[in-house]
Amino acid sequence: MVIALADQESRPRDGRPKRADARRNYEQLVEQARRAFAEFGVDASLDEIARRAGVASGTLYRHFPTRLDLIEAVLGEQIAELVDLGRGLMSAEDRFDALSTWLRATLTHSLTYRGLAAAVMNSALDRGNGLVSSWHAEMFEVGTALLARAREVGVIAADADEADVLKMVGAIAWAVQDAADGPAQADRLLALLMNGLRLDDRR
């Protein structure tokens, strides 16, 4: 999923620039922004992102006129990766492990990019667009399918509710966000959640 933002005349309908150099600049900017936002948060320096991408600041602003445009592009690609991961896990033989793998990836994403998600959500509410809703719908669709597959073979509780499980993953990310050992604590809490869902004798 790539968010079409500025410079629309130079891009095909999927939102990426047509020319090879413009496409490279776009991809480098998104990649370097992803790293900078993960390291420094939503207020990471845009000029530094441009420098890391090997382009002038003006090039960054041609592709992404505002900070929010860049945040949306980064977050959109991260959501797309999670959705693709989930769909790829649909054919995994171990259905419980497939569900656990995807929920862990979702939790890691929530811990890493929580500031971006909040910024986009606040903007979406202000502007009345459906961007956040579409992301939530895709994530919910994948999570529901993975839960259903695990439920079909009896490895998780039959009454495990998709919305409840995803909310609990989000709650874990919120609960550990300021902890010194946040990632480790998140792993422990997710393990407790998965043990609570599991029905077979391998707890």
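Small disclaimer: the values here were computed from a predicted structure and weren't measured.

When you go through the protein chain residue by residue, the secondary structure sums to 8 helices and 0 strands. Going residue by residue from the N terminus, the α and β elements of the protein chain occur as α-α-α-α-α-α-α-α. Looking at the 203 residues of the protein chain, the share that counts as buried comes to 42%. When contacts within the protein chain are restricted to residue pairs at least 6 apart in sequence, long-range pairs at least 24 apart make up 67% of them.

It is at 8 Å that the axes of helix α1 (residues 20–40) and helix α2 (residues 46–53) come closest, and there the two elements cross at 130 degrees. In this view, α1 runs oblique relative to α2, as classed from their interaxial angle. Crossing hand, α1 versus α2: right-handed. Together, Arg24, Gln28, Leu29, Gln32, Ala33, Ala36, Phe37, Glu39 and Phe40 of α1 and Ile49, Ala50, Arg52 and Ala53 of α2 make up the contact between the two elements. Looking at side-chain class alone, the contact of α1 with α2 contains 8 nonpolar, 2 polar and 3 charged residues.

This part takes up the side chain of Gln78. Tracing the backbone shows Gln78 in helix α4 (residues 67–88). Once residues within four sequence positions are removed from consideration, Gln78 is found in contact with Arg34, His109 and Tyr113.

Let us now look at the environment of His109. Inspection of the secondary structure assignment puts His109 in helix α5 (residues 95–127). The residues touching His109, leaving out its near neighbours within four places in the chain, are Leu75, Gln78, Ile79, Leu82 and Arg114.

In contact at an axis separation of 9 Å, helix α7 (residues 162–176) and helix α8 (residues 182–197) are set at 155 degrees when each is read in the N-to-C sense. Here α7 lies roughly antiparallel to α8, going by the angle between them. When the axes of α7 and α8 are compared, the crossing they make is right-handed. On the side of α7, the interface is formed by Val165, Met168, Val169, Ile172 and Val176, while α8 contributes Gly182, Gln185, Ala186, Leu189, Leu190, Leu193 and Leu197.

The next point concerns the nonpolar core. Formed by 55 residues in total, the largest nonpolar core has its most connected members in Phe37, Ile49, Leu70 and Ile156. At the level of elements, α1, α2, α4, α5, α6 (131–152), α7 and α8 are the ones that each hand at least two residues to this core. Not counting residues up to four positions away in its chain, the partners in contact with Ile49 are Leu29, Gln32, Ala33, Ala36, Phe37, Leu60 and Leu70.

This brings us to α7. Between the first and last C-alpha of α7 there are 22 Å, a value that for 15 residues agrees with the 21 Å anticipated at 1.5 Å per step. N-cap assignment for α7: the residue whose side-chain oxygen lies 3.1 Å from the backbone N of Ala163 is Asp161.

Next up on the list: the environment of Thr101. Relative to the elements of secondary structure, Thr101 occurs in helix α5. Since its relative accessible area comes to 31%, Thr101 is described here as partly exposed. Taking the C-alpha atoms as reference points, Thr101 and Leu89, 12 residues apart in sequence, are found 8.5 Å from one another.

Definitions and cut-offs
Residues numbered from 1 in each chain as written. Predicted model: local features only at pLDDT ≥ 70, side-chain atom pairs only at ≥ 80, totals over all residues. Heavy atoms only, no water. Helix = DSSP H or I, 4+ residues; strand = E, 2+ residues; numbered from the N terminus. Buried < 20%, exposed > 50% of the residue type's maximum accessible area, 1.4 Å probe, protein only. Contact = heavy atoms within 4.5 Å. Axes fitted to C-alpha atoms, helices over the stretch in contact; angles between N-to-C directions. Parallel < 35°, antiparallel > 145°, perpendicular 65-115°, else oblique. Left-handed = near helix turned anticlockwise from the far one by under 90°. Nonpolar A, V, L, I, M, F, W, Y, C, P; charged D, E, K, R; others polar. Core = buried A, V, L, I, M, F, W, Y, C linked by side-chain atoms within 4.5 Å. Expected span 1.5 Å × (residues − 1). Polar contact = N/O pair within 3.5 Å; in protein donor to acceptor, adjacent residues only side chain to side chain.

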